Amino acid sequence: MLLPSMGEDIRAIVIGASGGIGGAFIDALNEADQVSKIYALSRQGKSHPSEKVDNLTFDLTSEKSLKAAAESLRETDSFDLIIIATGLLQGDGISPEKSIRDLSYEGLEKSFLVNTIGPAMTARYFLPLLREDRKSVFTALSARVGSISDNRIGGWYGYRASKAALNMILKTLSIEHARRHKQAIILGLHPGTVDTDLSKPFQGNVPEDKLFAPEYSIEKLLSVIDQVSPQDSGKLFDWAGKEIAF
């Protein structure tokens, strides 16, 4: 079983389904017998051939889109697992800053919109969709470079800061949500350096054994999701299940 701690008839939402990591999450969940339904949300509405998967068009940066998607899903059922597999490091006119001289309003704005504001607003509308009668998980992909205490080489201002802010959002959400739903778990997950379009420009200095295929990273992350308990809510874990200090 893929997620034995979460029982049978698991219903999942994957946001960012068109990305390398999001797509790998959907493929892995689709192959698991105990997962009964997956809603794959992406800006392109990317199609998946499985009858188990419903493909929906969704824009993380639009509150109107967030609210509409949540309202449509609320009519179906409650959910065991909600995964935000989105992130912006480079592209769309920005790239990681090597120096403070590279900072721009536009770059910082885009980094925070995708990496912090989008997930925070998604939580506003999607957290109420989590089931309350057993273990449920809401998680967003974060990054080790978002750890303030682990920052030893500097650079990458927008990405680091927006992921650090995301970690604080998740921690704060976990405190509030625990007051009402004791079995819900809110997590940040660091997938490692995964061989996707996001990391390709920066793979040159990554040791071969530290560059993961998406399928491997997702297998590890799902194992972490399976092993966590409500006492872990609000924390950030890496792919190996090790907690990363904020």
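Remember, it's a predicted structure, so these values are computed and weren't measured experimentally.

## What about the overall build of the chain?
And step 1. Helix and strand counts for the chain stand at five helices and nine strands.
And step 2. Overall, the chain shows an N-to-C arrangement of helices and strands of β-α-β-β-α-β-α-β-α-β-β-β-α-β.
And step 3. The C-alpha radius of gyration computed for the chain amounts to 17 Å, which stays within 12% of the reference 18 Å derived for 246 residues, consistent with globular compactness.
And step 4. Dimensions along the principal axes, computed over C-alpha positions, put the chain at roughly 50 × 40 × 35 Å.
And step 5. By the burial criterion, 51% of the 246 residues in the chain qualify as buried.
And step 6. Excluding contacts between residues fewer than 6 apart, the proportion of contacts in the chain whose partners are at least 24 apart in sequence is 69%.
And step 7. Of the roughly 12000 Å² of accessible surface on the chain, a fraction of 50% belongs to carbon and sulfur atoms.
And step 8. The distance from the centre of the 28 positive side-chain charges to the centre of the 32 negative ones in the chain is 6 Å.

## Notes on the pattern of salt bridges
And step 1. Under the counting rule described, the total for this entry stands at 13 salt bridges.
And step 2. One salt bridge in this structure joins Asp 238 and Arg 144, with 2.9 Å as the shortest N-O distance. Of this pair, Asp 238 sits in strand β9 (residues 236-238) while Arg 144 sits in the loop between β5 (136-141) and α4 (157-178), and the two are 94 residues apart along the sequence.
And step 3. Judged by its relative accessible area of 30%, Arg 144 is partly exposed.
And step 4. Residues Asp 150 and Arg 152 are paired through a salt bridge, measuring 2.8 Å at the closest nitrogen-oxygen approach.
And step 5. According to the relative accessible area criterion, Asp 150 is partly exposed, its value standing at 31%.
And step 6. What emerges from the salt-bridge pattern is a single network uniting Asp 80, Arg 131, Asp 133 and Arg 134.

## Some details on the sheet that holds β9
And step 1. Within the open sheet, the seven strands sit side by side as β3-β2-β1-β4-β5-β6-β9. Their pairing is parallel. The sheet terminates laterally at β3 (53-57) and β9, the two strands that pair on one side only. Neighbour to neighbour, the strand axes of the sheet diverge by 20° on average, direction disregarded.
And step 2. As paired strands, strand β6 (residues 184-190) and β9 are joined by three bridges and run parallel to one another. Bridge assignment links His 190 to a residue of β9, and that residue is Asp 238.
And step 3. Each of β5, β6 and β9 is contacted by α4, which is oriented at about 165° to β6, the strand it contacts most.

## A word on the pairing of β5
And step 1. For β5, the buried fraction is high: six of the six residues fall into the buried class.
And step 2. Residues Ser 136, Phe 138 and Ala 140 of β5 are buried on one face, and the alternating residues Val 137, Thr 139 and Leu 141, pointing to the opposite face, are buried as well.
And step 3. Alignment of strand β4 (residues 81-84) against β5, held across four bridges, turns out to be parallel. Across the sheet, residue Ile 84 finds its bridge partner in β5, namely Ala 140.
And step 4. At this point the chain moves from β4, through helix α3 (residues 105-126), to the parallel β5, and the crossover so formed is right-handed.
And step 5. When β5 meets β6, the two strands line up parallel, connected through six bridges.

## Side note on the environment of Ser 223
And step 1. Mapped onto the elements of the fold, Ser 223 is located in helix α5 (residues 214-227).
And step 2. Ser 223 gets classed as partly exposed once you look at its relative accessible area, which sits at 30%.
And step 3. Here the alpha-carbon distance between Ser 223 and Gly 234, two residues 11 residues apart in the chain, equals 17 Å.
And step 4. A polar atom in the side chain of Ser 223 sits 2.9 Å from the side chain of Gln 227.

## Digging into the packing of aromatic side chains
And step 1. Using the criterion set out here, one finds six aromatic pairs in the structure.
And step 2. Centroid distance Phe 212 to Tyr 216: 5.2 Å. Interplanar angle 55°. Geometry classified as tilted.
And step 3. Relative accessible area serves as the criterion here: at 6%, Phe 212 is assigned to the buried category.
And step 4. Its relative accessible area of 35% is what places Tyr 216 among the partly exposed residues.
And step 5. On the basis of an interplanar angle of 70° and a centroid distance of 4.6 Å, the ring pair of Phe 212 and Trp 239 is categorised as edge-to-face. One end of the pair, Phe 212, is in strand β8 (residues 211-212); the other, Trp 239, is in the segment after β9, with 27 residues separating them in the sequence. Residue Phe 212 shares its accessibility class with Trp 239, and that shared class is buried.
And step 6. Grouped by ring-pair contacts, the aromatic residues Phe 212, Tyr 216 and Trp 239 constitute a single cluster.

Reading guide: rules and limits
- Residues numbered from 1 in each chain as written.
- Predicted model: local features only at pLDDT ≥ 70, side-chain atom pairs only at ≥ 80, totals over all residues.
- Heavy atoms only, no water.
- Helix = DSSP H or I, 4+ residues; strand = E, 2+ residues; numbered from the N terminus.
- Rg over C-alpha atoms; globule rule 2.2 N^0.38 Å.
- Buried < 20%, exposed > 50% of the residue type's maximum accessible area, 1.4 Å probe, protein only.
- Contact = heavy atoms within 4.5 Å.
- Areas by Shrake-Rupley, 256 points an atom, 1.4 Å probe, with all protein chains shown as cover.
- Lys, Arg positive; Asp, Glu negative; His and termini not counted.
- Charge placed at Lys NZ, Arg CZ, Asp CG, Glu CD.
- Salt bridge = Lys/Arg side-chain N within 4 Å of Asp/Glu carboxyl O.
- Pairing = 2+ DSSP bridges.
- Axes fitted to C-alpha atoms, helices over the stretch in contact; angles between N-to-C directions.
- Right-handed = clockwise from strand over helix to strand, strands pointing away.
- Polar contact = N/O pair within 3.5 Å; in protein donor to acceptor, adjacent residues only side chain to side chain.
- Phe/Tyr/Trp six-rings, centres within 6.5 Å; stacked < 30°, edge-to-face > 60°.

Keep in mind these numbers describe shape, not what the thing actually does.
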